[in-house]
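# Residue-level structure breakdown
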Amino acid sequence: MQRSLDLLDSKTGRHTELISLYVPPEKQISDVMNQLRAEYSTASNIKSRTTRRNVLDALEKTMQRLRLFRESPPNGLVIFCGAIPQNGDGTEKMETYVIEPPEPTPIYYYRCDQRFHTEPLHEMLREKEAYGIIVIDGNDAAIASLRGRSLSLIRKMTSGLPGKHDAGGQSARRFERLREQGVNEYYKRIGQHANDAFLQIPDLKGIIIGGPGPTKEDFSKGEYLQYTLKNKILGVLDTAYSSEEGLDEVVQKATEILKEVRYVEEKNIMQAFLYELGHDTGKITYGEDEVRSALKRSIVRILLISDSFEESRLTTKCLNCDYSETITLKGASPEAATQKLEAQLCPKCSGNVKVVEVEDVVDELANLAESSGAQIEIISTQTEEGNMLKNGFGGVASILRFRQE
Ligand SMILES: [Zn+2]
């Protein structure tokens with residue numbers, strides 16, 4: 001999906017003539033058809049002849065595709081359609097992409113622009129990992145969960161404690177003692193609610209605690225969260241606000257913490273690889289060919305691919321003679337590689353060549369890993385270890401299930 005979106009993002013039209021259509025699951029297809037018919041009659045007034053023709057064609061194609069659906073699929077559907085120049089002006093070809101999204105399409109959306117609008121799909125693909133958030137200060141607390149970009153409030157609480165200097169007629173010692181008891185009860189209550197909520201999230205990746213004062217530190221150091229949850233605390237951070245406003249602040253600031261968490265994970269994976277290498281255990285391979293062969297024998301436990309690794313394998317055919325060749329291009333996306341090869345002429349007869357088959361090597365390796373049950377880890381170049389994978393091991397490595405003889 002990520003790669004299809006990258007492909008769609010690389011396409012631009014001559015003018016505003018590319019259609020993006022998002023249909024939510026509850027929307028009637030007949031309503032959408034009516035709206036597209038209205039767009040069609042509006043588009044008939046476009047002055048430029050070429051643009052008019054392209055927009056009308058795209059609308060027609062979109063409606064044709066839509067007609068194939070009696071009703072909107074469970075997650076709705078997304079159609080991209082438009083005339084894409086293949087090789088400069090005048091070489092436009094109508095391209096249509098129908099996508100059934102991984103999550104329900106939230107809104108009805110129609111746009112005609114020079115590019116395809118893929119942002120809502122990108123949003124859906126953002127990491128879907130779950131985190132727990134607690135925002136706490138002396139007066140109130142809020143517990144929430146964060147999955148992908150969506151934050152849901154689980155509970156709000158108030159301490160019910162009097163202020164520090166609010167001793168009234170009581171003796172200062174007695175007041176202080178009661179207050180301490182109250183604070184302890186308050187923390188316990190928060191801990192209990194957080195335990196109830198977070199233990200029910202089976203894939204909880206971590207917990208972030210925020211708040212404006214020192215309360216958050218006292219709470220996170222104390223024995224209020226169940227120990228497995230306490231071990232999942234990723235960080236404690238300062239916020240200007242408490243309660244619900246504080247939650248939004250934590251989400252904004254958490255991006256940095258989560259990035260750091262991922263870097264630590266990547267470092268650990270690379271360290272595990274380097275350990276096997278350094279101890280000569282025979283339980284690793286690196287380099288594209290070695291790793292591919294290990295994947296094919298289903299002995300890979302973890303496949304490590306550098307995010308900088310890009311390679312395409314293309315088969316070209318001459319349109320004129322029987323010449324054909326398969327070429328591997330490093331550092332090139334399938335689209336860039338296709339363009340590059342089609343710009344060259346046949347070495348045999350100088351005729352035009354066409355790319356007839358394209359294979360993305362990252363996809364190929366990932367598919368092999370998936371079908372043999374290997375874990376796939378994309379390693380960024382943001383860490384020293386990540387750079388070693390890129391520069392020292394050809395961008396591809398693996399940790400094996402057992403020793404390779
Ligand atoms: Zn030729």
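Presented here is an overview of the structure given in this document.

Parameters at a glance
Per chain, residues are indexed from 1 in the order of the written sequence. It should be noted that, the model being predicted, local features are given only for residues of pLDDT at least 70 and side-chain atom pairs only at 80 or more, the latter also being counted only at that level, while totals for whole chains, interfaces and linings use all residues. Note that water and hydrogens are dropped before the side-chain values are worked out from all heavy atoms of the structure. Helix and strand labels come from DSSP, where a helix needs a run of H or I of at least four residues and a strand needs a run of E of at least two; each type is numbered from the N terminus. The buried label applies to any residue whose accessible area, calculated with a 1.4 Å probe on protein chains only, is under 20% of its type's maximum; exposed applies above 50%, and partly exposed to all values in between. Charge assignment: positive for Lys and Arg, negative for Asp and Glu; neither His nor the chain ends contribute. Each reported salt bridge corresponds to a side-chain nitrogen of Lys or Arg within 4 Å of a carboxyl oxygen of Asp or Glu. N or O atoms closer than or at 3.5 Å make up a polar contact, with two conditions inside protein: a donor-capable atom paired with an acceptor-capable one, and, for residues adjacent in sequence, both atoms drawn from side chains. Put simply, two rings from Phe, Tyr or Trp (the six-membered ring, in Trp's case) pair if the centres are within 6.5 Å, and we call them stacked under 30 degrees between planes, edge-to-face over 60, tilted for the rest. Here the coordinating atoms are restricted to nitrogen, oxygen and sulfur within 2.8 Å of the metal centre, or 3.2 Å for Na, K and Ca, and because water is not among them the sites may look incomplete. Working rule for geometry: tetrahedral if four donors all subtend angles between 85 and 135 degrees; square planar for four, octahedral for six, if opposite donors exceed 155 degrees and the others stay between 65 and 115; irregular in every other situation. Contacts are assigned to residue pairs that have any heavy atoms within 4.5 Å of one another. Throughout, nonpolar core names a set of buried Ala, Val, Leu, Ile, Met, Phe, Trp, Tyr and Cys residues whose side chains join them through atoms within 4.5 Å. Two strands form a pair only when DSSP identifies at least two bridges running between them. Only residues whose relative accessible area exceeds 30% and that take part in no salt bridge are eligible for patches, with like-charged residues grouped when within 9 Å of each other and nonpolar side chains (Val, Leu, Ile, Met, Phe, Trp, Tyr) grouped when within 5 Å. Under the convention used here, a 1.4 Å probe and the Shrake-Rupley method define accessible areas, while residue burial counts only the protein chains that appear. Just so you know, the charge point we use is NZ for Lys, CZ for Arg, CG for Asp and CD for Glu. Between N-to-C directions, angles cover 0 to 180 degrees, with each direction set by a line fitted to C-alpha atoms, over the stretch in contact for helices. Convention used here: angles under 35 degrees read as roughly parallel, angles over 145 as roughly antiparallel, angles from 65 to 115 as roughly perpendicular, and any remaining angle as oblique. Ten residue types, Ala, Val, Leu, Ile, Met, Phe, Trp, Tyr, Cys and Pro, are classed as nonpolar, four, Asp, Glu, Lys and Arg, as charged, and the remainder, Gly among them, as polar. Crossings are classed by handedness, with left-handed meaning an anticlockwise turn of the near helix from the far one by less than a right angle and right-handed meaning a clockwise turn.

### Quick word on the side chain of D137
One can find D137 in the loop between β5 (130–136) and β6 (140–147). Despite its burial, D137 pairs with no opposite charge, the nearest such side chain being R179 at 9.5 Å. Here N139 takes part through its backbone nitrogen, which lies 3.0 Å from a polar atom of the side chain of D137.

### Description of the packing of aromatic side chains
In this structure the tally under the stated criterion is eleven aromatic pairs. Geometrically, the ring pair formed by Y22 and F80 is edge-to-face, given 6.1 Å between the ring centres and 85° between the ring planes. Of this pair, Y22 sits in strand β1 (residues 18–23) while F80 is found in strand β2 (residues 77–85), placing the two residues 58 residues apart along the sequence. On the numbers, 6.5 Å between centres and 85° between planes, the contact of F273 with Y286 is edge-to-face. Residue F273 is located in helix α8 (residues 243–278), and its partner Y286 is located in strand β10 (residues 284–286); the two are separated by 13 residues in the primary sequence. For Y286, a relative accessible area of 37% puts it in the partly exposed group.

### What about the coordination of the zinc ion?
Put simply, the ideal angle at a metal is 109.5 degrees for four donors in tetrahedral geometry and 90 or 180 degrees for six donors in octahedral geometry. Taken together, the protein donors to the zinc ion comprise C318 (SG), C321 (SG), C346 (SG) and C349 (SG), at separations of 2.2 to 2.4 Å. Around the zinc ion sit four donor atoms; with metal-centred angles ranging over 100 to 115°, the donor geometry is tetrahedral. Written as a sequence motif, the donor arrangement for the zinc ion is C-x2-C-x24-C-x2-C. On the criterion of sequence distance, the pair formed by C321 in the loop between β12 (311–318) and β13 (324–330) and C346 in the loop between α10 (334–342) and β14 (353–360) is long-range, its members being 25 residues apart. Given the relative accessible area of 3%, C346 is considered buried.

### Re the environment of Y108
Inspection of the secondary structure assignment puts Y108 in the loop between β3 (92–99) and β4 (109–113). In this structure the C-alpha to C-alpha distance between Y108 and P24, which are 84 residues apart in sequence, comes to 5.8 Å. Residues contacting Y108, with those up to four places away along its chain left out, are L21, Y22, P24, K27, V32 and Q35. Of the polar contacts made by the side chain of Y108, one reaches the side chain of Q35; its length is 2.8 Å.

### Considering the nonpolar core
Among the nonpolar cores identified, the biggest contains 22 residues, and I134, I136, I190, F198, F219 and L225 are the most heavily contacted of them. Among the secondary structure elements, those contributing two or more residues to this core are β5, β6, α5 (172–198) and β8 (204–211). Take this core: its biggest share by element is seven residues, from α5.

### Describing the pairing of β8
In terms of burial, β8 is a largely internal element, seven of the eight residues being buried. Bridge count for β5 against β8 is six bridges, and the pairing is parallel. In the strand pairing of β8, G132 is matched with I207. In this structure, β8 lies alongside strand β9 (residues 233–238), joined through five bridges in parallel fashion. Among the inter-strand pairings, G211 is bridged to a residue of β9, identified as D238.

### Structural notes on a negative patch on the surface
A cluster of acidic side chains, namely D6, D9, E310 and E335, defines a negative patch on the protein surface. One can find D9 in helix α1 (residues 2–9). Residue D9 is classed as partly exposed on the basis of its relative accessible area of 37%.

### Section: the sheet that holds β8
Two pairing modes exist for strands in a sheet, parallel and antiparallel, and in both the strands are linked by backbone hydrogen bonds. Taken in spatial order, the five strands make up an open sheet running β7-β6-β5-β8-β9, and their pairing is mixed. The sheet is open, and its two edges are formed by β7 (150–158) and β9, each paired on a single side. Sheet twist, expressed as the mean angle between neighbouring strand axes with direction ignored, is 20°. As paired strands, β6 and β7 are joined by eight bridges and run antiparallel to one another. Bridge pairing in β7 places A141 opposite M157.

### Considering the pattern of salt bridges
Under the definition given, this model contains 22 salt bridges. D238 is paired through a salt bridge with K216; the nearest N and O atoms lie 2.8 Å apart. You can see D238 sitting in strand β9 and its partner K216 sitting in helix α6 (residues 215–221), a full 22 residues away along the chain. Classification of D238 by relative accessible area gives partly exposed; the value is 48%.

### Here's the deal with the packing of helix α2 (residues 29–43) against helix α3 (residues 49–67)
Put simply, α2 and α3 touch, their axes get as near as 10 Å, and they point 170° apart. Put simply, α2 runs roughly antiparallel to α3. Across from I29, V32, M33, L36, R37, E39, Y40 and A43 in α2, the residues of α3 making contact are R52, V55, L56, L59, E60, T62, M63, L66 and R67. A breakdown of the residues in the contact of α2 with α3 according to their chemical character gives eleven nonpolar, one polar and five charged.

### Side note on the packing of helix α9 (residues 288–296) against helix α11 (residues 361–371)
Between α9 and α11, whose axes approach to 9 Å, the crossing angle comes to 30°. On the basis of their axis angle, the class for α9 and α11 is roughly parallel. The element α9 and its partner α11 pack so that their crossing is left-handed. Where α9 abuts α11, its residues E288, R292, L295 and K296 lie against V361, E364, L365, L368 and A369. Residues of the contact of α9 with α11, tallied by class, amount to five nonpolar, no polar and four charged.

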